[in-house]
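# Survey of secondary and tertiary structure
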Amino acid sequence: MIALGILSSEEWQVLMDNLPNLPFATWESFYATALSTLLALAVGLPLGVILVTGEKDGVRPLPRWVMSLLNAVINLLRSVPFLILMIAVLPLAMLILGTSIGTPASIIPLFIASFPFVSRLVETSLREVDPGVIEAAQSMGATPMQIITKVMIPESLPGLISNTTIALTTILGYSAMAGIIGGGGLGQIAINYGYYRYKYLIMVVATVLLVVMVQVFQSIGTWLAVRCDKRLRK
């Protein structure tokens, strides 16, 4: 970390000029990350449930072609690098919002890039549920929806929270990359005022703020996952 006492007068002036922009940029990064994560969960959670329950031996089997198509679409979206996907969906952001720059416009590519990732994380969490618990619920006459909502999701809740935290921190990294196309937030500060103008101190400060946000998200997610884990309760 660069000590303030060894900063040149030019570096100090650059830092002071951009300091007022940092709180709002931090809020933009938080806002884009939080909203994109919520939207990704709204789509990714049902998709993850379907990926598990829709299998041949699942609690609610679906036609094989439906599962194959769903897996193919999810794999396709996950395989596209975020930077390429971000540029590809700019026309969609322009169509929906009337602009392709700014924090609101960055939420659309963040959502599209994130919900396939979230669906796979949900799938992984649900597969960790003990099959014996599901079979016991089926033997007692529980419906597929009851098994999903009262058995599978509650039993996998610690894993779901942990994986949501992973998704949250990943989306935060994506939001920083969105600064390349004017997505706003700390990424835009680091790129426009740091990298393009060779003021690397601004990049360092923006990066430190992103690291702090990741640490906060991870700490909260870990705490919630532990609180919800029945195995760790006394």
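Bear in mind that the values here come from a model prediction, so they are computed numbers and not experimental data.

### Quick notes on the packing of aromatic side chains
Scanning the model with the defined rule gives five aromatic pairs in all. Members of the aromatic cluster, each reached through a chain of ring pairs, are Trp-27, Phe-30, Tyr-31 and Phe-217.

### Topic: the confidence of the model for the chain
Per-residue confidence for the chain gives a mean pLDDT of 85, with 90% of residues at or over 70. No element of the chain has a lower mean pLDDT than helix 1 (residues 9-18), at 62, and none a higher one than helix 3 (residues 64-79), at 92. A low-confidence stretch, residues 1-5 stays under pLDDT 50, and its non-local contacts, those more than four residues away or across chains, total six contacts.

### What about the side chain of Ser-36?
Relative to the assigned elements, Ser-36 resides in helix 2 (residues 21-53). Dropping the residues within four chain positions of it, Ser-36 is found in contact with Ile-107, Leu-110, Phe-111 and Ile-171.

### So, a nonpolar patch on the surface
A cluster of nonpolar side chains, contributed by Leu-83, Ile-87, Met-177, Ile-180, Tyr-195, Tyr-196, Tyr-198 and Tyr-200, occupies part of the molecular surface with about 850 Å² of accessible area. Relative to the helices and strands, Ile-180 is located in the loop between helix 9 (157-177) and helix 10 (185-195). In this structure Ile-180 comes out as partly exposed when scored by relative accessible area, which is 43%.

### Here we look at the environment of Ile-112
Relative to the elements of secondary structure, Ile-112 occurs in helix 6 (residues 103-127). We classify Ile-112 as buried; its relative accessible area is 15%. Not counting chain neighbours up to four residues away, the residues in contact with Ile-112 comprise Leu-77, Leu-85, Val-89 and Leu-92.

### Here's the deal with the nonpolar core
Among the nonpolar cores identified, the biggest contains 39 residues, and Ile-112, Leu-126, Ile-134, Ile-147 and Met-152 are the most heavily contacted of them. At the level of elements, helix 2, helix 3, helix 4 (82-88), helix 6, helix 7 (131-139), helix 8 (144-155) and helix 9 are the ones that each hand at least two residues to this core. A total of 12 residues in this core trace back to one element, the largest contributor, which is helix 6. Apart from residues lying up to four places away in sequence, Leu-126 is in contact with Gly-48, Val-49, Val-52, Met-152, Ile-153 and Ser-156. Counting 15 residues, the second-largest nonpolar core is a separate cluster that includes Ala-25, Ile-202, Val-205 and Met-213.

Conventions and cut-offs
Residues numbered from 1 in each chain as written. Predicted model: local features only at pLDDT ≥ 70, side-chain atom pairs only at ≥ 80, totals over all residues. Heavy atoms only, no water. Phe/Tyr/Trp six-rings, centres within 6.5 Å; stacked < 30°, edge-to-face > 60°. pLDDT = per-residue confidence, 0-100. Helix = DSSP H or I, 4+ residues; strand = E, 2+ residues; numbered from the N terminus. Contact = heavy atoms within 4.5 Å. Patch = residues over 30% accessible without salt bridge, like charges linked within 9 Å, V, L, I, M, F, W, Y side chains within 5 Å. Areas by Shrake-Rupley, 256 points an atom, 1.4 Å probe, with all protein chains shown as cover. Salt bridge = Lys/Arg side-chain N within 4 Å of Asp/Glu carboxyl O. Buried < 20%, exposed > 50% of the residue type's maximum accessible area, 1.4 Å probe, protein only. Core = buried A, V, L, I, M, F, W, Y, C linked by side-chain atoms within 4.5 Å.

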